[in-house]
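Reading the structure
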Amino acid sequence: MAVYFEDFQVGQEWTSPSRTMTEADVTIFAMLSGDYDEIHTSEEWAKHSSAYKTRIAHGMLGMCIIEGLKKRIPDFAGTRYVASLEYTWKFTGPIFLGDTVHLKIRISKMRESKSKPDRAIIWEGVQMINQRGEVVQEGEHSLMIWRRSR
């Protein structure tokens, strides 16, 4: 089912399904991004040289997981996106391999496009929360979406 601007309202909230961060996730992301920093790829290095004493997932991997978890929420899976416009983001804690994370999303603002009457902009407030209830990433994402035909 297609979801358009008119289907959203400020204050709407969702909780996503959860997902566990795996060794494979980190390895594949390191390969894809070229970021082989030892804090992500070397348990021995992390044990002796990291503040966390173990490897952590890439922060940008967390952001990618956020976009995937959003698509598991039916209203977002069917949203008629035009484009992402901006992220304002904070990395507030580490994501450890084995952590299970989920999202809390809230529509914080909405407006019609000033120049394109068939489009509109929504702002999502997003938090990624681990199994211990800790917010590990949070911020706001603005995106342009289609309006219903009039």
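Before going into details, it helps to say that this report is about the structure given with it. (Residues numbered from 1 in each chain as written. Predicted model: local features only at pLDDT ≥ 70, side-chain atom pairs only at ≥ 80, totals over all residues. Heavy atoms only, no water.)

1. As for the packing of aromatic side chains
If you walk through the whole model with that rule in mind, you get five aromatic pairs. Summarising the aromatic geometry, the rings of Phe8 and Trp14 are spaced 6.0 Å apart at their centres and angled 70 degrees between planes, so their arrangement reads as edge-to-face. With a relative accessible area of 6%, Phe8 lands in the buried category. Within the aromatic cluster, the residues linked to one another by ring pairs are Phe8, Trp14 and Phe76. Over the aromatic face of Trp123 sits the side chain of Lys109, whose NZ or CZ is 4.5 Å from the ring centroid. (Phe/Tyr/Trp six-rings, centres within 6.5 Å; stacked < 30°, edge-to-face > 60°. Buried < 20%, exposed > 50% of the residue type's maximum accessible area, 1.4 Å probe, protein only. Lys NZ or Arg CZ within 6 Å of the ring centre and 35° of its normal.)

2. Some thoughts on the pairing of strand β4 (residues 100-112)
Strand direction decides the pairing type here: strand β1 (residues 13-15) and β4, joined by three bridges, are antiparallel. Looking at β4, one finds that Trp14 is bridged to Ile105. Sheet analysis places strand β2 (residues 19-20) next to β4, joined by two bridges and oriented antiparallel. Each bridged residue has a counterpart across the sheet, and for Thr20 the counterpart in β4 is Thr100. Note: β4 against strand β5 (residues 119-130), eleven bridges, orientation antiparallel. Bridged to Leu103 within β5 is Met128. Between the end of β4 and the start of β5, which pair antiparallel, lie six residues. (Pairing = 2+ DSSP bridges. Helix = DSSP H or I, 4+ residues; strand = E, 2+ residues; numbered from the N terminus.)

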